[in-house]
Amino acid sequence: MSAFFAMVQRDLVVTKRNFWNFAYRVAMLPLVFIFVFGFVLPNIGQVPDTFPTLMFGGVLAMSVMVAGLHGVGIPLILDFGVSREIEDRLLAPAGPATVAYAKMVIGVLEAWLGGLIVLPLAWAIMGADLTVRLENLAYAVPVLLLAGLTSASLGLLLGTIFKPSQIPAMFPGFLIPMVLLGPTFFAWPSLENLRWVQMLVLVNPLVYVSEAFRAILTPEVPHMALGYSLLGTAVSTMVMAWVGIRRFIRMAIQ
Amino acid sequence: MLTTQARPTTGEILLGGRSVWDDLAGARRRIGVVPQHNNLDRSLTARENLLFHARYFGLPLGESARSTDEWLQRLHLHARADDPVAGFSGGMAQRLKIARALMHDPEILFLDEPTTGLDPQSRTLLWEEIKRLNQNGTTIFLTTHYMEEPDQLADRVAIINHGEIKGLDTPAGLKKLVPGQNVVSLELDEVNDSLLAEAIALPGVADLTVEMNTVRLFMRGASPDLGAIVAWVHRRGRTLVGLNLQLSTLNDAFIHLTGRGLEDR
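Asks: Explain the overall build of chain A to me, please; I cannot follow it from the model alone.
Replies: Across its full length, chain A carries 10 helices and zero strands. Across chain A, helices and strands are ordered from the amino to the carboxyl terminus as α-α-α-α-α-α-α-α-α-α. The C-alpha radius of gyration computed for chain A amounts to 18 Å, which stays within 12% of the reference 18 Å derived for 254 residues, consistent with globular compactness. When the backbone C-alpha atoms are referred to their principal axes, chain A occupies close to 60 × 35 × 35 Å. Residues classed as buried in chain A amount to 47% of the 254 residues present. Pairs at least 24 residues apart make up 86% of the contacts formed inside chain A by residues separated by at least 6 positions.

Asks: Before we go on, may I ask you to explain the overall build of chain B in this structure?
Replies: On a plain count of helices and strands, chain B comes out with 10 helices and 11 strands. For 265 residues, the compact-globule estimate of 2.2 N^0.38 gives 18 Å, and chain B exceeds it by more than 25% at 24 Å. Considering only C-alpha atoms, chain B reaches an extent of 75 × 40 × 30 Å along its principal axes. Put simply, chain B has 265 residues, and 30% of those count as buried. In chain B, of all internal contacts separated by at least 6 residues, the share reaching a separation of at least 24 is 66%.

Asks: So what exactly am I meant to see when it comes to the packing of helix H1 (residues 2-17) of chain A against helix H5 (residues 96-126) of chain A here?
Replies: Each pair of packed helices gets described by two things: the angle between the helix axes and the distance between those axes. Residues and elements named next belong to chain A. Close contact between H1 and H5 brings their axes to 9 Å; oriented N to C, the two are set at 40°. Taken together, H1 and H5 sit at an angle that is classed as oblique. Relative to H5, the crossing made by H1 is right-handed. Here Ala3, Phe4, Met7, Val8, Asp11 and Thr15 of H1 come into contact with H5, specifically with Thr98, Val99, Tyr101, Ala102, Val105, Ile106 and Glu110.

Asks: Before we go on, may I ask you to explain the sheet that holds strand S3 (residues 31-34) of chain B in this structure?
Replies: Sheet strands pair by backbone hydrogen bonding; their relative direction is either parallel or antiparallel. Residue and element names in this part refer to chain B. One open sheet accounts for three strands, arranged S3-S4-S5; its pairing is parallel. Two strands lie at the open edges of the sheet, namely S3 and strand S5 (139-143), each paired on one side alone. Strand after strand, the sheet turns through a mean of 15° between neighbouring axes, direction not considered. Against the sheet, helix H4 (residues 90-102) makes contact with S3 and strand S4 (108-112), and its axis sits at roughly 165° relative to S3, the strand it touches most.

Asks: Looking at this structure, I do not really get the pairing of strand S11 (residues 240-247) of chain B. What am I missing?
Replies: Remark: a regular strand shows side chains that alternate across the two faces of the sheet. All names here are of chain B. Counting buried residues along S11, only zero of its eight residues qualify, which leaves the element largely exposed. Bridge count between strand S8 (residues 182-188) and S11: seven bridges; the pairing is antiparallel. Residue valine 184 lies in a different strand from S11, and its bridge partner there is leucine 245.

Asks: Where do I start with the interface of chain A and chain B in this structure?
Replies: Chain A puts 19 residues into the contact, and the matching count from chain B is 21 residues. Mapped onto the side of chain A that touches chain B, the elements with two or more residues apiece are H1 and helix H4 (87-90) of chain A. Broken down by class, the residue content of the side of chain A that touches chain B amounts to eight nonpolar, four polar and seven charged.

Asks: Explain the confidence of the model for chain B to me, please; I cannot follow it from the model alone.
Replies: If pLDDT is low for a region, its predicted coordinates should not be looked at in detail. All names here are of chain B. Here chain B shows a mean pLDDT of 87. Residues at 70 or above account for 98%. The element-level mean pLDDT for chain B is lowest in helix H10 (residues 250-258), coming to 84, with helix H2 (residues 46-56) highest at 95. Note on residues 261-265: pLDDT under 50 across the span, and nine contacts to partners over four residues away in sequence or across chains. With a pTM of 0.84, the predicted complex shows an ipTM of 0.87.

Asks: Can you walk me through the sheet that holds S11(B) in this structure?
Replies: All names here are of chain B. A sheet is described by the order of its strands in space; here four strands give the open sequence S9-S10-S8-S11, paired in antiparallel fashion. Both edges of this open sheet fall to strand S9 (205-211) and S11, since each of them pairs with a single strand only. If you compare each strand with its neighbour and ignore which way they point, the axes differ by 20° on average. Sheet contacts for helix H9 (residues 226-235): S8 and S11; angle to S8, the most-contacted strand, approximately 25°.

Each value, and the rule that gives it
- Residues numbered from 1 in each chain as written.
- Chains lettered and ligands numbered in written order.
- Predicted model: local features only at pLDDT ≥ 70, side-chain atom pairs only at ≥ 80, totals over all residues.
- Helix = DSSP H or I, 4+ residues; strand = E, 2+ residues; numbered from the N terminus.
- Rg over C-alpha atoms; globule rule 2.2 N^0.38 Å.
- Buried ≥ 20, exposed ≤ 12 C-beta atoms within 10 Å, placed from the backbone.
- Contact = placed C-beta atoms within 7 Å.
- Axes fitted to C-alpha atoms, helices over the stretch in contact; angles between N-to-C directions.
- Parallel < 35°, antiparallel > 145°, perpendicular 65-115°, else oblique.
- Left-handed = near helix turned anticlockwise from the far one by under 90°.
- Pairing = 2+ DSSP bridges.
- Nonpolar A, V, L, I, M, F, W, Y, C, P; charged D, E, K, R; others polar.
- pLDDT = per-residue confidence, 0-100.

Below you can see the structure in the form of structure tokens.
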């Protein structure tokens, strides 16, 4: 157990040391989205005044998701492929699964921290146009816990799939489609006229996280029933974590 | 495989009579691994690399701090203890990797080509430390391409070629396998196949190897007839650039055992 905490602490030390890099990486993409879609477009009349409320849950969910998956995935890709810094931890008596669990804990913490950094920015830019009703706040704890775990397990899975040379392609090839079909700028039920898209995006774990965020923050926006979004989050997390940990162990011991 | 980073597809690795895969955690506590590549944690300082390693191995904090200081001193790294290791030279990184592997006091230390790319000073320092560790009871498992290292440091040497052990003995024992223990090195202005065919037939020559324009003749018996060899070179109309008589080396044993001699030309 002490090895596990040491591994978590090692990553926290590194995150703290690089905090401003971390904050920049976490905040920039949501900030641009919030500024353009939540401030510029409503103010020039290109989208309705209710648009900031519609995207609020989505953009927070996306921030949490991207922060955690980036925090776990990219260091793993670089560790296994280039720096091999992780080897010292993989050779510890505790075994590689402990390293994977420690990475997931860090992913959860970074995911939450990402949300915490974006929340005041979103509030500052769109606050005047937001209609937030926290009537389902009791569900915030399971939603946040599951969102963090989804993000971390997706990071673990990606970290064991992609190679360092593929990182540049991950942004247009994976991250942006995941975020835009998240769905960040529309709610999932509004896809009912495009049934095949509505079904297709269900493979995207961010859909469940975004819809769960809408359910607890902006319930008047039509959203997937909280029970389904929580179930979807839990199932996708379990699948990704299971596959991710197995792949991780296989990479650690050939 | 010996460092538990890959599972053997066949065979078994025993440590103290027990398969390492039956007690992976126990085996890992008993071995220290220094890979050839730099896998230090570049986001941390030298001291943090050692302290975190100790904690990954579950060592108590007080003991970890003490042995961190001790190893930093012993491997001449204390002046840079709190610097990030990203800026360390090759020699410093190598010493820190060794210090890290020794933090949990392993019985066996695996060193994979530890002196590759090091300056002579760092290399000497490492050799001394390896000797000292071994004298204090640590088994050293050293892999290297520099034959003078096992010659000076090792009690037992395995010569491995294409994954197969070709010879396993003391350095002296391996050198005895070379057909002639007295070696005459002839550096000539030019070497060709007909010259070599004649050289192998010279009286007393048991075997030969060639590298560039240097022919190494492995001579039977105690004192080779250098005069006759020099006379033969002159008869062949070649110019003698250098001449050397020495005992066979581990390098010769390696070439002899792996068959990288005349037949490879």
